[in-house]
Amino acid sequence: MADAAKDLASGTVGGAAQLIVGHPFDTIKVKLQSQPTPTPGQPPRYTGAIDAVKQTIAAEGPKGLYKGMGAPLATVAAFNALLFTVRGQMEGLLRSEPGVPLTITQQFVCGAGAGFAVSFLACPTELIKCRLQAQGGALAGSSTTSSVVAAVKYGGPMDVARHVLRSEGGARGLFKGLMPTFAREVPGNAMMFAAYEGFKRFLAGGSDTSSLGQGSLIMAGGVAGASFWGIVYPTDVVKSVLQVDDYKNPKYSGSMDAFRKILKAEGVKGLYKGFGPAMARSVPANAACFLAYEMTRSSLG
């Protein structure tokens, strides 16, 4: 089997593992990110991650934590296959000769290239996911933010896509938030892959990491996941609020406008709403992803 096909298959398995482990955390992250700024003297809808979990389960049951999973589940194969395949192809281009390990800097470049490629798939997928996760929760009934999510109840991922294509500018509407998606995926994946390879080499005591066990791979995957969010989280907040903003009566004119308004209304902490659930998700979800990827890749030769 060709290397590209192996990366394709392994990335698919890794993505499925990542989604199953991480989606409930992601739901809470989006709810916290997209809740409106409370009026003076009023408490926020959710006081924190635990409160968001309790309210979600009380209103929708445990299945509410997996709301919006259909969109990423339908594309998880394509997303992770593309991510790992582009990374693998870039490794081949940068490698001086077959079998020679890449430097950490080269791994950083490979991750950045892979992040750029997957942004085009991540943006519409996450727009659909964010609409489903936020509807009826953080934004519904808001008196301070007029949101399309508050006005429209979606029946599922395809219903969101149909609504956007019909009422929000056609295919272009599905790519709302593309610039902050780039700003998240390019540096985030660059850091993630560099941190993953760097930590594996630290554990192995050198560039040959083939002897590392599953525990070491889980640790390296967890470190990689934390590295992703450590530098790019505010861009994810901006992306989320743009993607659930009202098309006909938008609160934000673009990424920089959203950034400035969040900073003015809520301070720096507003750019880190949902950071706890994001980190809590990223460590186990990426540990599962990289472990599944490595085990599948190894089994394929």
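As named in an unreviewed UniProt entry, the protein chain is Mitochondrial carnitine/acylcarnitine carrier-like protein, taken from Microthlaspi erraticum. In the Sequence similarities (unreviewed entry) part of its UniProt record, the protein chain is described as follows: "Belongs to the mitochondrial carrier (TC 2.A.29) family."

(A) The arrangement of the overall build of the protein chain in detail. Broken down by element type, the protein chain carries ten helices and zero strands. Put simply, the protein chain runs from its N terminus to its C terminus through helices and strands in the order α-α-α-α-α-α-α-α-α-α. Against the 2.2 N^0.38 benchmark of 19 Å for 301 residues, the protein chain shows a C-alpha radius of gyration of 20 Å, consistent with a compact globule. Looking at the protein chain residue by residue over its 301 residues, the buried ones come to 52%. Put simply, 77% of the contacts in the protein chain that link residues at least 6 apart link residues at least 24 apart. A gap of 8 Å separates the mean positions of the 29 positive and 19 negative side-chain charges of the protein chain.

(B) Structural detail: the packing of helix α1 (residues 3-34) against helix α2 (residues 49-60). Contact geometry for α1 and α2: axes closest at 10 Å, N-to-C directions at 105°. Viewed along their axes, α1 and α2 adopt a mutual orientation that is roughly perpendicular. Across the interface between the two elements, Ile28, Lys31 and Leu32 from α1 touch Ala49, Ala52, Val53, Thr56 and Glu60 from α2.

(C) Summary view of the nonpolar core. The biggest cluster of nonpolar side chains holds 32 residues, and the ones touching the most others in it are Leu83, Phe84, Met192 and Phe290. Taken together, the elements giving at least two residues each to this core come down to α3 (70-94), α4 (104-134), α7 (178-204), α8 (214-243), α9 (255-266) and α10 (275-299). Broken down by element, this core gets its largest block of residues, eleven residues, from α8. Not counting residues up to four positions away in its chain, the partners in contact with Leu83 are Ala114, Gly115, Val118, Asn189, Met192 and Phe193.

(D) Geometry of α7. With 27 residues, α7 should cover 39 Å at 1.5 Å per step; its first-to-last C-alpha distance of 38 Å lies within 8% of that length. Where α7 terminates, the next one or two residues include Gly205, which has phi positive at roughly 75°.

(E) Summary view of the pattern of salt bridges. If you walk through the whole model with that rule in mind, you get 16 salt bridges. The residue Lys29 makes a salt bridge to Asp26 at a minimum N-O spacing of 3.5 Å. Of this pair, Lys29 and Asp26 both sit in helix α1, separated by three residues, roughly a single helical turn. Exposure class is identical for Lys29 and Asp26. Each is buried. Among the ionic pairs, Lys200 bridges to Glu197, the shortest N-O distance being 3.6 Å. You can see Lys200 and its partner Glu197 sitting in helix α7, three residues apart, about one turn around the helix. In terms of burial, Lys200 and Glu197 fall into one category: buried.

(F) Structural view of the environment of Ser299. One can find Ser299 in helix α10. Residues Ser299 and Ser10, spaced 289 residues apart in sequence, show a C-alpha to C-alpha distance of 9.5 Å. One polar contact links the side chain of Ser299 to the main-chain carbonyl oxygen of Thr296, over a distance of 2.7 Å.

(G) Local environment of the packing of aromatic side chains. If you walk through the whole model with that rule in mind, you get 14 aromatic pairs. Centre to centre, the rings of Phe120 and Phe182 are 5.3 Å apart; their planes meet at 80°, and the pair counts as edge-to-face. Placement of Phe120 in helix α4 and of Phe182 in helix α7 is noted, with a sequence separation of 62 residues between them. Given a relative accessible area of 39%, Phe120 falls into the partly exposed group. Residue classification places Phe182 among the buried positions, given a relative accessible area of 15%. Among the aromatic residues, ring-to-ring pairing joins Phe84, Phe193, Tyr196, Phe290 and Tyr293 into one connected group.

Conventions adopted
- Residues numbered from 1 in each chain as written.
- Predicted model: local features only at pLDDT ≥ 70, side-chain atom pairs only at ≥ 80, totals over all residues.
- Heavy atoms only, no water.
- UniProt positions renumbered as here; feature names shortened; annotations may be inferred.
- Helix = DSSP H or I, 4+ residues; strand = E, 2+ residues; numbered from the N terminus.
- Rg over C-alpha atoms; globule rule 2.2 N^0.38 Å.
- Buried < 20%, exposed > 50% of the residue type's maximum accessible area, 1.4 Å probe, protein only.
- Contact = heavy atoms within 4.5 Å.
- Lys, Arg positive; Asp, Glu negative; His and termini not counted.
- Charge placed at Lys NZ, Arg CZ, Asp CG, Glu CD.
- Axes fitted to C-alpha atoms, helices over the stretch in contact; angles between N-to-C directions.
- Parallel < 35°, antiparallel > 145°, perpendicular 65-115°, else oblique.
- Core = buried A, V, L, I, M, F, W, Y, C linked by side-chain atoms within 4.5 Å.
- Expected span 1.5 Å × (residues − 1).
- Salt bridge = Lys/Arg side-chain N within 4 Å of Asp/Glu carboxyl O.
- Polar contact = N/O pair within 3.5 Å; in protein donor to acceptor, adjacent residues only side chain to side chain.
- Phe/Tyr/Trp six-rings, centres within 6.5 Å; stacked < 30°, edge-to-face > 60°.

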